[in-house]
Amino acid sequence: MQNDTLVYADPAKQDRYDRAYMRMALEWAKLSHCVRKKVGALLVREGMIISDGYNGTPTGFPNDCEDAEGLTHWYVLHAEANAIMKVARSTNNARGATLYLTHSPCKDCSKLILQAGIQRLVYLDPYKDPSGLELLRSGGVMVHKLEAL
């Protein structure tokens, strides 16, 4: 598989870019109408942002992500799924891209990440179930956890 991920030889430069993109993903998360957890995603390929996403309901549904008891509706889309679907509707693709995600992915979204050909994941906060990260690592995705911004 071709690797188009822009990874800098200088670790300090890579860290600066990773932190800048993560700050943007955090801003994108603020667009979510979800109350319990706001998650943002950016897809970057060859130094360009090619897609973005945040968690929320599908188009045409009310923006309320949680029910009256505060539980997340089963149909809420995760930020990374929204970003991957958005790039799929464009003339671009995610093969070789880096995914910046404010929270690490669940196991279902990890399957989408692998299928999209994303080569690198940078995340900030861990998801409660680490099996998504384990799947990505076993699939050859470079996984990097950023320390607090």
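Scroll up for the structure.
Every value quoted in this text rests on a predicted model; they were computed, and no experiment measured them.

## Regarding helix H1 (residues 11-29)
Helix length check: H1 (19 residues) gives 26 Å between terminal C-alpha atoms against 27 Å at 1.5 Å per residue, within 8%. Three or more residues of H1 are buried, namely Gln-14, Asp-18, Arg-19, Tyr-21, Met-22, Ala-25 and Ala-29. Capping the start of H1 is the job of one residue whose side-chain oxygen sits 3.0 Å from the backbone nitrogen of Ala-12: Asp-10.

## Observations concerning the packing of aromatic side chains
Tallied over the entire structure, the rule returns 4 aromatic pairs. Measuring from ring centre to ring centre gives 6.5 Å for Tyr-17 and Tyr-21, while their planes differ by 40 degrees; the resulting arrangement is tilted. Of this pair, Tyr-17 and Tyr-21 both sit in helix H1, 4 residues apart, roughly one helical turn. Ring centres 5.1 Å apart and planes at 40 degrees place the aromatic pair Tyr-21 and Tyr-100 in the tilted group. Placement of the pair is Tyr-21 in helix H1 and Tyr-100 in strand E3 (residues 98-103), with a sequence separation of 79 residues. These aromatic residues form a ring-pair network of at least three members: Tyr-17, Tyr-21 and Tyr-100.

Cut-offs applied
- Residues numbered from 1 in each chain as written.
- Predicted model: local features only at pLDDT ≥ 70, side-chain atom pairs only at ≥ 80, totals over all residues.
- Heavy atoms only, no water.
- Helix = DSSP H or I, 4+ residues; strand = E, 2+ residues; numbered from the N terminus.
- Expected span 1.5 Å × (residues − 1).
- Buried < 20%, exposed > 50% of the residue type's maximum accessible area, 1.4 Å probe, protein only.
- Polar contact = N/O pair within 3.5 Å; in protein donor to acceptor, adjacent residues only side chain to side chain.
- Phe/Tyr/Trp six-rings, centres within 6.5 Å; stacked < 30°, edge-to-face > 60°.

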